Amino acid sequence: MTMRRPMLALLLSLAVAAAFAQETPDQQARRLLEDGRGYLAQGKQKQALDNFNIVVSSFPSTDSVGQALLEIGRYHMETEGDKAKARAAFEQVTQQHARSDAAPGAYYYQGLLTLARATTAPEIEDALAQFARVETLYPRSPWVPRSLQASALAHRRAGRYAEATDLNRRVSLEYPASDAAAAAQYEIGRALALSAQPRLAMEEFQQVRNRFPLSAWAEPALERTTALYRLFGGAKPAFSPDPAFSVTAGDVLKDVRALVVAPTGALWIASEKAKSAVPIDRAGKLGAGFSAEDPRALALSPTGDVILASRTAVRFGAKDVRSFTTPPEKPGALPKPVDKILAAAITPGGAVLVSDEDREAILRYDGKGEYLGNFPGARDAAKRKVTRILLDGEGGIVTLDRDEKAVRVWDETGRLLRSVGPVGLKRPVDVAVDAFRNLYVADEEVGVHVFNPQGQLLTTIASPELRRARAVALDASGALLVYDERAQRVLRYR
Amino acid sequence: MPTKTEATARFRTIVAPAAALLLLALRAGAQQAPELPAALQLEVQAAQDALARAVAEFDGAQQSRSIVVFDELIARLEALGPRALTRRGKEILAQAYEYRGRAYYGIGLPEKASDNFRQLVQLRPDHSLSKERVSPKVVELFDSVKRTLVGSIAVSSEPAGAQVTLVSPGGLRTDLGLTDFFPIEVLAGEYAVEVTRSGYRTETRAVSIAAEATETLAVPLVRVLASAFFVVEPTGVEIWVDGELRTTTAGSLSPELYEVARARGLDPARAAARVAIPNLSLGSHAIELRRPCYSGVKRTLETTEPQDYEVDPIRLEDSLGSLKLTSDPPGARILLNGEARGVTPAEIPEICSGKVRVEVKHAAGKFIKDLVLEKDEAVSLDCPIRPTLAFIGVEAASAGGLRHLADADARIQQNLAELRSLNFITAPREAVDRMLEQERLTRQSLVPGSGSDPDLVRKVTDRLASALEVQGFLVAVLPEERLQRTARLHLLAAGNSKAEAVDVTFAEAPAYAPLIKRLDALFASERPWSGLVTVDTLLHDGVPVLRVVPGSPAAQAGLALGDLVLAADGQPVKRTADLLAAVASRKAGDRLVLQVRGAAPGSQPRGVELTLGASAREIPLFDPDLVYNKVMMDLRAVVEGYPGTEAAAYARLNLAICAMHFSDYAGAHDYLQQAKAELPLRPGLSRGTALYYLGVALEKLGYRPQAVEAYRAAAEAKDATLIDNDGPAVAALAARRAGP
C-alpha cells in the first residue's frame, strides 16, 4: 500500500510529462502566452509577466516570442510606467522578430512612447514615422487602424487638424469594426471643433453615438455635443442657470479660492475657510479631500489628477505633496524655499510649473523636482503674478495674470500662442478652459466672459443670481460652475 | 492449281485449327455469345467470298478445278455444325453442295454428284434445280435423289393462323409457318408436329412422312385464354392490365365503329384504332388507362370464359391546370419539367396536371420549385430569384483526409441545403474538372494561398458560372489534422478572385448554423430615410434638428434648423437613436408623424407629417460579420436583374467597395467606372461618391494624376456623401486628397 503511492505519482508525472512532451515547443509557448493573457484579464499582472518571460527565455525560436515581448513591453509601459524598459522590449520585437505578428504592434507602441514625450515638431514626426511603418510594412495587419488613429493623434498634437480628420475618417470608414473606429470617429468631431467647425463637429460626435452606441466614446460624445450646442446651436450661446443644481457643503463654501471638475465628475472646491480641498460627487455627496494651509489654486494634471496649490506646497493627487526651492543666489547659501505659491500645474511634457508671488514668476521644475528655470523663460522675463495655471488639453498652458488682467496661452516651450485682455477684462479673478480651447474668464464685476481660441468674445454669462464671480470651472458637458463669493454658493449654468 | 492432297494439307494445317477454335468459341457459352455473331459473320463472309471464287472456277475453263475449292468451303461450313450455321450459311452450304455435285457430274462422276445432291436435300429438302440454269440431266439426277428422301406435309388448324413447328427425333426444330398451308417438302421421317396459337393450348401430333408422300394434318385448337378489345379516345393511351403495361393505343378508328364510339360520347376522329389485349387469364383483371395530361380511368374486367371481350368505348378527360408566375426580377426564363415556356411574368394555361418542376432562371440566379398541379387548378406562384451556389467538391490536404472525403461531401451537402437565400447545388464534377483543366487549374487553385493568378481565377470563375448558370462556388478542404473533424469551406463569388474561408466541424449539424445565419443575412442596400440630422444633448428632452438635407422628406415637410423633435408617431423621442429607430422600422413611402417644437421661444408643439424616402447604403469596407463573396453574389444579382436602374448603379458602387475589401483595386476601378456613369448627380450617395472611391482606387493602383482628377471631380459634387445620405460630405475629403 505505501509503495503504491510513489508509484502512482511517478506514473502520473510520467503521463503528464508524456503529454507535455507530445506538445511541440510552439504549442507549449502558445499555451504559456495564452495563459499569461488570461492572467492579465484577471488582473494578475505578476503571473502574467512571469509567463511572458518564460516564453522569451525558454522558447526563443517559437512564433510566440514576439507576442510575449509585446506584452512585456505593454506591462512596462502601462503598469510600471517604465518607458525605457518598454521601449527596449518593443525594439527587440522590431529588430529580431520583424516578421512576427507582433511586429506591427511593436511599431505602434514605439510610436505611442515617442508621441507621449513629443513636444517639438521633429519628435512628432518621429512618432508619425513609427506609425506609418505599420501600414507600409504590414498593410493587412489589424494594427493598421490603430496606427492610423495614432497618426491622427500626432497630427492633432501638431495642430494639423485637417490631416488628423482625414486619417480618423479613414479608420472610421474603412475599419468600422476595429476597436479604433469609435475613437477615430470621436476624434473627427474633436478635430472639427478645434478647427472652428462646430456644426460639423456636432454631426461627427453624433455619429459616434449612432454608429458606436455601446462604445466608451458614446458618453463623451454626448458631452461634447452638449457643450457645442450650448455655444453654437442657436443664434448665440445660451447659458441659463440650472435651478436643479444645489451644493450644500457648510464651511467648504466659504472663502472658496478655486474650483475644478475632475474627470470623475466630482467638483473639487478649495476653501480657505475649510483649509482644504474637498470633492463633491455628482450626487452632491462630500468625499475625502486634501487638507491644506492656505489653499490657493486647483488644477488637473495631464492624467486627470487633482493638483492643489497651497501657499507652501503643492499636492499632486492624494499622496504626493511637494515643496519647492530655487537655487541660492550666492554660492554656499541655502536653497531658497518657494513659500508663496499662487498656482501650480504639470505640463503635457511632465514639467511642474509653480507660480510664486515672491519672485513674481512661474518657476519650472522637472519631474524629480529639479529647478529648470523660469517659464516662459528667456523669451519673456517679465515679472508677473500668475494666480492660475491650467492646461487647455491641446498642449497649451493657460495662465491668468490678475494684476495685468490678462489670460495668456503658451506652448510647452514658452512660446505665446494667444492672449485675452487686458482689453475687455475689468477684474479677472479666475479662468477655465473647455475641450475646444474656449476660455471662460470670471470677471468679478461682470460675470463670466467666454472667448473663442481666436480671442473673440462669444458671450458674457451674467444673471441676477450671480453677484460676484470668484472661481469658475467647467464640467465635461461644458456647463459652467461659478462660485459666487457674496452669496457663498456655487451656481451652475447649463 | 493446288492438288487435292495439297488442299487437304492446307485444310489440316490452317483451316481445321481455325475452325476448331471457332467451334470452341461457339461452345464456350452464353457469356461469349456477343462475340460469336461477329466471328460467325466473319466466317460466313469468308465463306461467301470462297463461294464466289469457287463459282468463278466452276464457270471457268476447267470446271473440275472448282471441286477443290468447294471441298474447302464445304469442310469449313460443315465444321461449324448445323446448329451454328445461320440461314445464310446454310444457303452458301447448299449452293456449295449443288455446284460440287454439278461439277462431279461434269467430270463424269455421277455417284459423287448424287452424294452431294443427297447432302443438299438433307440440308434443304425444298431445294430445286432450275432447268433453265442447269442441265436437264443434272436436274433429273437431282430430282431422283430428292424423290427418295423427301415427302410433304400440310397442316391446317381451327382456327387458322397457328404456328407449326416440325420437331425431329434429334430435337431439331424447323418452323414450317402458319396454318393453313399447302404441302411443304420435308425430309422423310418420324416427326412431332407442334401447333401453337396465342390464347390456345399447344397441340402436338406425331407424324410419319414417307418419301414422295404427302401427310395432311388437321388440328383443332382449344382456346384457353381470353382477349379484350378496346376503343379509346384519344390516341397514345397506355393500357395497363394488372399493373403491367400491355399496349399503347395508336392509329385511327375504323369507320364501322364510329357509331359505337359516338354512342359512348367519343369523337371518332380523335379515337384510336381498336386494340386487342390477348392472352388474358380467366379471372378478374384491373384495367387502367393512362395518358399524361388526362385523367386516368380504371376498370375491372371479369374474364370468366376464354373468349373475346369487347370493352365499352372509353373517353379520357383532359386533366390540365394553369400557372401564373411572377419573379423578382422579372424577365426570367420559365421551364416547366425542362420545357421552355416563356418569361416572367406569365400566365401559362393547359399544363398537364401532376408533378411539375418549375424552374425560373435568370442571369441573377434562379428559382426552383416542385409542385403537384391538380386538374383545373390555377396556381399563382411568386418566384424570387436567388443566386445559386455550386458546391464543387471536397479536397484533402493530406493523405489522412482522403478517407473522410465522401463523408464530408455528404454532410456538407446535407447541411448547406438549409440555406434560404441561396440555391445550393452540386456542380457536375466532370464539367468543372474539364473547365479547370483547360486553364491548368485545380479546385485547390481557387482557394487562397494557392498562388493562382487572380485574373485567371476571375476569368475561370466567370466562365464556370456562365456554363453552370450559377453565381458562386464552394470548395471544401480537409486540412491536415490528427483527428479529421474540420472542413474549411471556401466561398468564392463568380468574377471574384479571393475566396473567404469558414471552418466547420463537418460532421456536426449545429456547427453549420452560424455560417448559414451569416450567409442568409441580407445586406440591406437601402434604408428608409428622412433627411433629418439631429443631435443628442443634455440640454433638451427631445432632439434638436442640426441639419435638414435639401430636397429630403424632412425639408419637404417644412422641418427647419433648431426645431426640437419630441415624439415620432406618438412615441417619445429622447435621443436620436429613438428617432432613427422609428424611421428604420418603416419603409420608404411610409408616413411618419413627428411632434415638433420650433426654435423660437414660446413655440408650441405641432405635428409634422413626412413621407419617408430611401437612402442607399454603402457596404462597410471591413465588417467581420459579412461574408463579402456572398454579398457580391447578391449585388451581382441586382446588377443582372435590374440593368439600367439606380438600384443596379448602387449595387455596382457596393461591388466596388467589396472589391476594395479584397484589395482588388483594379476590379473596383472597373465597377466604379460604370457606377459613376450611372449614378445620379444629387445630394447624398451619388455620382460624387463613386468619383471619390474611383480616386481612392486609382491612387492605390499608383495612378496619382488620374486619381487627382477623380478627386477634383468628386470635390465638385457639393452635396455628395459617403456611407449613406446622412454621411460625411465627399467634397471636403476629396479636396484634401486631391491636394493643392
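Residues numbered from 1 in each chain as written. Chains lettered and ligands numbered in written order. Predicted model: local features only at pLDDT ≥ 70, side-chain atom pairs only at ≥ 80, totals over all residues. Heavy atoms only, no water.

What to know about the sheet that holds strand β5 (residues 189–196) of chain B
The pairing of strands in a sheet comes from backbone hydrogen bonds and takes either a parallel or an antiparallel form. Residue and element names in this part refer to chain B. Pairing is antiparallel in the open sheet, where 4 strands are placed in the order β3-β2-β5-β6. In the strand order of this sheet, the two ends are held by β3 (173–178) and β6 (203–209), each with one partner. Adjacent strand axes in the sheet meet at a mean angle of 25 degrees when their direction is disregarded. As paired strands, strand β2 (residues 163–167) and β3 are joined by 5 bridges and run antiparallel to one another. Directly across from Val 167, in β3, lies its bridge partner Arg 173. (Pairing = 2+ DSSP bridges. Helix = DSSP H or I, 4+ residues; strand = E, 2+ residues; numbered from the N terminus. Axes fitted to C-alpha atoms, helices over the stretch in contact; angles between N-to-C directions.)

Notes on unusual backbone geometry
The amide bond that connects B:Glu233 to the next residue, B:Pro234, takes the cis arrangement and shows omega of 5 degrees. One non-glycine residue, A:Ala196, lies in positive phi territory at about 60 degrees. With respect to the helices and strands, the residue A:Ala196 is situated in the loop between α10 (181–194) and α11 (198–211). Although it is not a glycine, B:Asp242 sits at a positive phi angle of roughly 55 degrees. A relative accessible area of 45% places B:Asp242 in the partly exposed class. (Buried < 20%, exposed > 50% of the residue type's maximum accessible area, 1.4 Å probe, protein only.)

Focus on the packing of aromatic side chains
Under the counting rule described, the total for this entry stands at 22 aromatic pairs over all chains. Between A:Phe375 and A:Trp410, the ring centres sit 6.0 Å apart and the planes meet at 75 degrees, which makes this aromatic pair edge-to-face. Of this pair, A:Phe375 sits in strand β14 (residues 371–375) while A:Trp410 sits in strand β17 (residues 406–410), placing them 35 residues apart in sequence. Considered together, A:Phe375 and A:Trp410 belong to a single accessibility category, that of buried residues. Joined through ring pairs, the aromatic side chains of A:Phe90, A:Tyr108, A:Tyr109, A:Phe131 and A:Trp143 make up one cluster. Between A:Arg322 and the ring centre of A:Phe316, over which it is positioned, the NZ or CZ distance is 4.2 Å. The positively charged end of B:Arg290 is found above the aromatic ring belonging to B:Trp240, 4.0 Å away from the centroid. (Phe/Tyr/Trp six-rings, centres within 6.5 Å; stacked < 30°, edge-to-face > 60°. Lys NZ or Arg CZ within 6 Å of the ring centre and 35° of its normal.)

What about the interface of chain A and chain B?
Counting residues at the interface gives 29 residues for chain A and 32 residues for chain B. Here chain A meets chain B over a buried area of about 2,600 Å², counting both sides, of which 57% is carbon and sulfur. It is A:Leu173, A:Glu203 and A:Tyr229 in chain A that bury the most area against chain B; as a group they hold 22% of the surface buried on that side. In this assembly, chain A and chain B are joined by 3 salt bridges. One salt bridge connects B:Arg736 with A:Asp166, and the closest N-O pair in it is separated by 3.8 Å. (Contact = heavy atoms within 4.5 Å. Buried area = accessible area lost by both parts, 1.4 Å probe. Salt bridge = Lys/Arg side-chain N within 4 Å of Asp/Glu carboxyl O.)

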